[in-house]
Amino acid sequence: MQSRMGAILCNLCNEENIFIFIAVAMSDVYSPPERVAVESHCRGMETYKAMYKESVEEPHKFWGRIAEQFFWKKPLPTDLNDFMKYNFNVTEGPIKIEWMSGAQTNICYNALDRNVENGLGDRVAFYWVGNNPEDKGQITYSELLADVCKFSNALENIGVKKGDRVAIYMPMITELVVAMLACARIGAVHSIVFGGYSADSLATRICDAGAKILISADGVYRGTKMIKLLEIAVSAMEKSAEQGQEVTHHVCVSHIPRITGSDAEQQKNEETIARVWNDKRDLWWHEVMRDSSTEHECAWMDAEDPLFMLYTSGSTGKPKGVLHSTAGYLLYAATTFKYSFDHQPANDVYWCTADIGWITGHSYVTYGPLLNAATSVLFEGTPFHPTHKRCWEIVNEYRVSKFYTAPTAIRALMKFGDDQTKDYDLSCLKVLGTVGEPINPEAWQWYHKIVGNSQCSISDTYWQTETGGHIITPLPGATPTKPGSACFPFFGVVPEILDEEGKVIEGEGEGYIVFKQPWPGIMRTVYGDHDRFEKTYFSKFPGYYMSGDGAKRDKDGYIWITGRIDDMLNCSGHLMSTAQIESVLVEHPDVAESAVVPIPHNIKGEALYCFVTLNQNAEFTQELVTKLRNMIREKIAPFASPDFIQEAPGLPKTRSGKIMRRVLKKIANDDKDLGDISTMADSSVVDVLVEKRREMMEKK
Ligand code: WT7
């Protein structure tokens, strides 16, 4: 299965003339396993190359053929030049991306009605697996369609119209899928906010989107802890009303009473409801559904009508509402799902562990799988509850064949040793996907060997909220993979690597990874701020979409993503901007200034290390550190909690006053080689910071 590249072959001759081969592994290359390759949609690199060539040279042909498999109310444009229209060059006018303009469709119709009409109504769309192993359920395609129709009618009853924004703050339950598809069905733009965000973060997103409708649930268990979503949602609605954005209707799923949990928590949940419920605004999901009809005529959407928005961190600190549109996203979510995981509709059970609150969940829990009539697992819990074997239990029980998770989860599981899978039959697994950050080769190899029993293809999928779907990824039946490399571009994607001056680096080299032309699923704008869209992604290198990541290309043409090159950090797969954290820290009256840098962390990938400069007379105490940490948890989210907060009597700055993060990163990492510090205004601050770091570490 495994071949060795760059092998140095020494043949030594002994007395009996037997050759002894000594192969020295320079770098490992793993060929697609035969059991995956035989059934794959794209077998072998030659097929990939031919398909890729057509996809970038004649996009209308390549995507046109795929589009024909879906339902169009108004047909696709016949003029080739109308199929994809774009301007990627800011110096030549506004950035514009249009696919299949003139056509009309509905993504919900294609995900549900079309499958039911094709006779797949009885197929399971989702096996729902609760946080508590006792809790489980399932929903077929026809049942899902009936619920979506009911909820579409319910939304229309409370006045939701095409183009309205609807905020969603829910746990991983089938109602979340129903809510998003109902929005898509009536043409409302869903804006899902991950259920781990704080009330402040939810309020900011409600306000920015101008959402008048919110859909939530009373609560959910994460492991043994109950999260009171309703309380957070109500607090967010109050905060957004203060900022002038009133939520007129709030629909809440009653989830806690129907799942396994403690009586005490049930009681608390009832008390919370009694305390915060507002009859004028709040409606129960089951009540609005009760008398709603299962018949609903969907709204026909223009190809470029917005489908959803999803916030992602921005380097200025304010989150950006990434806007995706209908037809292009439909094609791209469907096609990437089919090829990156080599989806086999008749046999596969697919499981993506990501929360729907992230783009991974949008494209690869909801839209991609449903557009392919897949059967998936929808998991409410965490991989560590009740034990770290939960994932293997679920794979075994549901015979999962395609599994998609994040490097941070893999690293956290690795800690529990190599025999954790031995009690489970994981032979059903064929493709193992990873996403969220660069995967270190050690974790890749563990995933391949221990989880995949060396019999699976690994898909290291590189992409972003902005890209809508995978943009660099191996294909399971085609690509010989190298641990840690996302390998090659997906169909329609044309990457380049540029140096600081914007010069194209050919062949081996390292620089900024950028993209030359649009693929169907790329974002169309930042909601309400096209200027920010152009400035963030298109201004540094006119003519290209810039992802903000660095990458290197090796001698064999493989692409290796090296991580962010802007002021972003990636903690457990959650992208955050340093500015966002800094702005919370300086809100404290004792803090004058702060600078946040990433430090490597063996499970989270990166952790936050904060330097804070205090105002005169303020004292740096443990209480202050705790307070600052709590502020970040409350204003952003618990997952943003820093690992280190150290006192910084002064920060290293250039003469023009710019904080030298490069130097702070070295100090935080205890790296003595600070590089060139000749531009630093006052280099004496460095010794003080090193000393303060030492003091802090001693106390830890
Ligand atoms: C950033 C995007 C895409 C869904 C999850 C995160 C990093 C993502 C990989 C990968 C190396 C990766 C990049 C990217 N990233 N996947 N396979 N290899 N880096 O979405 O929050 O928009 O974050 O995550 O830095 O820019 P996101």
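Just above, that's the structure.
Residues numbered from 1 in each chain as written. Predicted model: local features only at pLDDT ≥ 70, side-chain atom pairs only at ≥ 80, totals over all residues. Heavy atoms only, no water.

**Considerations on the overall build of the protein**
Item 1. Along the protein, the regular secondary structure elements total 21 helices and 34 strands.
Item 2. What you see for the protein is a C-alpha radius of gyration of 26 Å, in line with the 27 Å of a compact globule of 700 residues.
Item 3. Taken along the three principal axes of its C-alpha coordinates, the protein extends 80 × 80 × 60 Å.
Item 4. Here the protein holds 700 residues, and 60% of them are scored as buried.
Item 5. Looking at the protein alone, contacts between residues at least 24 apart form 72% of all its contacts between residues at least 6 apart.
Item 6. Split by element, the accessible area of the protein, about 27,800 Å² in all, is 49% carbon and sulfur. (Helix = DSSP H or I, 4+ residues; strand = E, 2+ residues; numbered from the N terminus. Rg over C-alpha atoms; globule rule 2.2 N^0.38 Å. Buried < 20%, exposed > 50% of the residue type's maximum accessible area, 1.4 Å probe, protein only. Contact = heavy atoms within 4.5 Å. Areas by Shrake-Rupley, 256 points an atom, 1.4 Å probe, with all protein chains shown as cover.)

**Details of the sheet that holds strand 29 (residues 559–564)**
Across a sheet, strands are paired by hydrogen bonds formed along the backbone, either parallel or antiparallel in direction.
Item 1. Taken in spatial order, the four strands line up as 25-26-28-29 in an open sheet, and their pairing is antiparallel. Strands at the two margins of the open sheet, each flanked by one partner only, are strand 25 (495–498) and strand 29. When the angles between neighbouring strand axes are averaged without regard to direction, this sheet yields 45 degrees.
Item 2. Two strands pair when backbone bridges link them, and strand 26 (residues 509–515) and strand 28 (residues 545–553) are joined in this way by six bridges, in the antiparallel orientation. Within the sheet, the bridge partner assigned to Tyr512 lies in strand 28 and is Gly550. (Pairing = 2+ DSSP bridges. Axes fitted to C-alpha atoms, helices over the stretch in contact; angles between N-to-C directions.)

**Some details on the nonpolar core**
Item 1. Of all hydrophobic cores here, the largest spans 177 residues; its most connected members are Phe151, Ile215, Tyr367 and Phe491.
Item 2. Ranked by residue count, the leading element in this core is helix 7 (residues 174–186), at ten residues.
Item 3. Other than its neighbours up to four places away in sequence, Phe491 contacts Cys42, Tyr48, Met51, Tyr52, Ser55, Phe62, Trp63, Tyr332, Tyr339 and Leu475.
Item 4. Among the nonpolar cores identified, the runner-up in size contains 30 residues, and Trp351, Phe379, Leu413 and Cys456 belong to it. (Core = buried A, V, L, I, M, F, W, Y, C linked by side-chain atoms within 4.5 Å.)

**Overview of the pattern of salt bridges**
Item 1. One pass over the full model with this rule turns up 40 salt bridges.
Item 2. One salt bridge connects Lys516 with Glu496, and the closest N-O pair in it is separated by 3.4 Å. Of this pair, Lys516 sits in the loop between strand 26 and strand 27 (525–526) while Glu496 sits in strand 25, placing them 20 residues apart in sequence.
Item 3. Counted as one network, the salt bridges with shared partners bring together Lys482, Asp554, Lys555 and Asp556. (Salt bridge = Lys/Arg side-chain N within 4 Å of Asp/Glu carboxyl O.)

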